[in-house]
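For reference, the chains in residue letters:
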Amino acid sequence: MKIEFAKSLSGHDRNQIYLIANSDEKFVYLVNGTTKTLKAPKKKSWKHIQIIKNLSQEVTECLLQEVTDITIKRAIKLYCRITNNNQ
């Protein structure tokens, strides 16, 4: 599984960080481990998200073993902590 994060650009969830669980030609399916779980991902158009490139090694290592809602939540929290410290 390719690990990609995305930032929502529009809607009531603007600026939320998600993990891309799945995608097709028109839509991307996003999860955050809390409100949007692996069993019920958020369906969003490609044009309403921004792919986050250059994830740190710590964040990707969180998701290498088993991808669960808990590990997704931890990885997103770690990503937010790292990016807030770098600003």
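## Remarks on the nonpolar core
With 14 residues, the main nonpolar core has Phe 5, Leu 19, Leu 55, Val 59, Leu 63 and Tyr 79 as its most contacted residues. Going through the elements one at a time, strand E2 (17-23) and helix H2 (69-86) are the ones with two or more residues in this core. The leading source of residues in this core is H2, at five residues. Excluding residues within four positions of it along the chain, Tyr 79 makes contact with Phe 5, Ile 17, Ile 52, Leu 55 and Val 59. Within the second largest apolar cluster, six residues are counted, among which are Ala 6, Val 28, Leu 30 and Ile 49.

## A few points about the packing of aromatic side chains
Within the structure shown, the criterion is met by one aromatic pair. Sitting over the ring of Phe 27, Lys 43 keeps its end group 4.3 Å from the ring centre.

## Comments concerning H2
Over its 18 residues, H2 extends 26 Å from the first C-alpha to the last, a length consistent with the 26 Å expected when each residue adds 1.5 Å. The set of residues buried in H2 consists of Thr 71, Ile 72, Ala 75, Ile 76, Leu 78 and Tyr 79. The buried residues of H2 occupy an angular sector of 160 degrees when projected down its axis, which confines them to one face. Opposite the buried face of H2, at more than 90 degrees from it, the exposed residues are Ile 70, Arg 74, Lys 77, Asn 84 and Asn 85. Next to the buried residues of H2 lie strand E1 (5-8), E2, strand E3 (27-31), strand E5 (49-52) and helix H1 (57-62).

## A closer look at the sheet that holds E1
Within the open sheet, the five strands sit side by side as E4-E3-E2-E1-E5. Their pairing is antiparallel. Each end of this open sheet is capped by a strand with a single partner; those strands are strand E4 (42-45) and E5. Taken over all neighbouring pairs, the strand axes of this sheet differ in orientation by 45 degrees on average, direction set aside. Two strands pair when backbone bridges link them, and E2 and E3 are joined in this way by four bridges, in the antiparallel orientation. In the sheet register, Asn 22 faces E3, and the bridge partner there is Tyr 29.

## Topic: unusual backbone geometry
The phi dihedral of Asn 15 is positive, around 70 degrees, even though this residue is not glycine. The topology assignment puts Asn 15 in the loop between E1 and E2. Assessed through its relative accessible area of 48%, Asn 15 is described here as partly exposed. Even without a glycine there, the phi angle at Asn 54 is positive, about 60 degrees. Structurally, Asn 54 is set in the loop between E5 and H1.

The rules behind the values
Residues numbered from 1 in each chain as written. Predicted model: local features only at pLDDT ≥ 70, side-chain atom pairs only at ≥ 80, totals over all residues. Heavy atoms only, no water. Core = buried A, V, L, I, M, F, W, Y, C linked by side-chain atoms within 4.5 Å. Buried < 20%, exposed > 50% of the residue type's maximum accessible area, 1.4 Å probe, protein only. Helix = DSSP H or I, 4+ residues; strand = E, 2+ residues; numbered from the N terminus. Contact = heavy atoms within 4.5 Å. Phe/Tyr/Trp six-rings, centres within 6.5 Å; stacked < 30°, edge-to-face > 60°. Lys NZ or Arg CZ within 6 Å of the ring centre and 35° of its normal. Expected span 1.5 Å × (residues − 1). Arc of directions from axis to C-beta. Pairing = 2+ DSSP bridges. Axes fitted to C-alpha atoms, helices over the stretch in contact; angles between N-to-C directions.

None of the figures reported here should be taken as evidence of function without further support.
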